[in-house]
Amino acid sequence: YDVRDPYAAQAGPPPPQPPPEEPKPETVSAEDILKEPGRRDRPKQLVVILRGPPGCGKTHVARLIKEKETEAGASAPRIFSLDDYFMTEVEKTEKDPET
């Protein structure tokens, strides 16, 4: 017990330290990975994920990337669209010709 600080005995352990900041992901321009010299330094396999609201140009950008890849002599990349994955058949009602 410290006479100068009447609350010293009640202080308890020091507060925990905040966790260290995680490094932020690096943002890279599409041109930096599609054109030379950055093209040589990129990983052999690459995944590009485009997200956004309907009509914002995701498919257009995917096609531009595909075009740039084929212009550089690479094989055409695969484009997977969740719109294709979740497409369902529309129910069709047929009338009986006898009724």
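Residues numbered from 1 in each chain as written. Predicted model: local features only at pLDDT ≥ 70, side-chain atom pairs only at ≥ 80, totals over all residues. Heavy atoms only, no water.

## Observations regarding a nonpolar patch on the surface
Here's step 1: Among the surface-exposed residues, Leu 46, Val 48, Leu 50 and Val 61 lie close enough to one another that they form a single nonpolar patch of about 290 Å² accessible area.
Here's step 2: Along the chain, the position of Leu 46 falls in the loop between helix H2 (38-41) and helix H3 (58-71).
Here's step 3: Classification of Leu 46 by relative accessible area gives partly exposed; the value is 40%. (Patch = residues over 30% accessible without salt bridge, like charges linked within 9 Å, V, L, I, M, F, W, Y side chains within 5 Å. Areas by Shrake-Rupley, 256 points an atom, 1.4 Å probe, with all protein chains shown as cover. Salt bridge = Lys/Arg side-chain N within 4 Å of Asp/Glu carboxyl O. Helix = DSSP H or I, 4+ residues; strand = E, 2+ residues; numbered from the N terminus. Buried < 20%, exposed > 50% of the residue type's maximum accessible area, 1.4 Å probe, protein only.)

## Comments concerning the confidence of the model for the chain
Here's step 1: Taken residue by residue, the chain gives an average pLDDT of 80. The fraction at 70 or more is 77%.
Here's step 2: Within the chain, no element has a lower average pLDDT than helix H4 (residues 82-85), which sits at 72, and none a higher one than H3, at 91. (pLDDT = per-residue confidence, 0-100.)

## Notes on the pattern of salt bridges
Here's step 1: Under the criterion given, the structure shown has 4 salt bridges.
Here's step 2: Of the charged contacts in the structure, one is a salt bridge between Glu 31 and Lys 35, with a shortest N-O distance of 4.0 Å.
Here's step 3: A salt bridge links Glu 69 to Arg 39; its shortest N-O distance comes to 2.6 Å. Of the two residues, Glu 69 is situated in helix H3 and Arg 39 in helix H2; the sequence distance between them amounts to 30 residues. For the pair Glu 69 and Arg 39, one class covers both residues: buried.
Here's step 4: Bridged by salt links that share partners, the residues Arg 39, Arg 42 and Glu 69 form one connected network.

## Examining H3
An α-helix turns once every 3.6 residues. As a result, residues three or four positions apart point the same way.
Here's step 1: If you check H3, its first and last C-alpha atoms are 20 Å apart, about what 14 residues at 1.5 Å a residue would give, namely 20 Å.
Here's step 2: Regarding H3, the residues found buried are Ala 62, Ile 65 and Glu 69. Down the axis of H3, the smallest arc covering the buried residues is 60°, so these residues share one side. Turned more than 90 degrees away from the buried face of H3, the exposed residues are His 60, Arg 63 and Glu 71.
Here's step 3: Summarising the contacts, the buried residues of H3 are in contact with helix H1 (30-34) and H2.
Here's step 4: A positive backbone phi angle near 95° is found at Gly 73, which sits one or two residues after H3. (Expected span 1.5 Å × (residues − 1). Arc of directions from axis to C-beta. Contact = heavy atoms within 4.5 Å.)

## Some remarks on unusual backbone geometry
Here's step 1: Residue Glu 36 is joined to Pro 37 through a cis peptide bond whose omega torsion reads 0°.
Here's step 2: Assignment of secondary structure puts Pro 37 in the loop between H1 and H2.

## Some remarks on the side chain of Arg 39
Here's step 1: On the basis of relative accessible area, Arg 39 is assigned to the buried category, the value being 15%.
Here's step 2: Among all residues touching Arg 39, those that are not within four sequence positions of it are Asp 32, Ile 33, Leu 34, Glu 69, Ala 72 and Ala 74.

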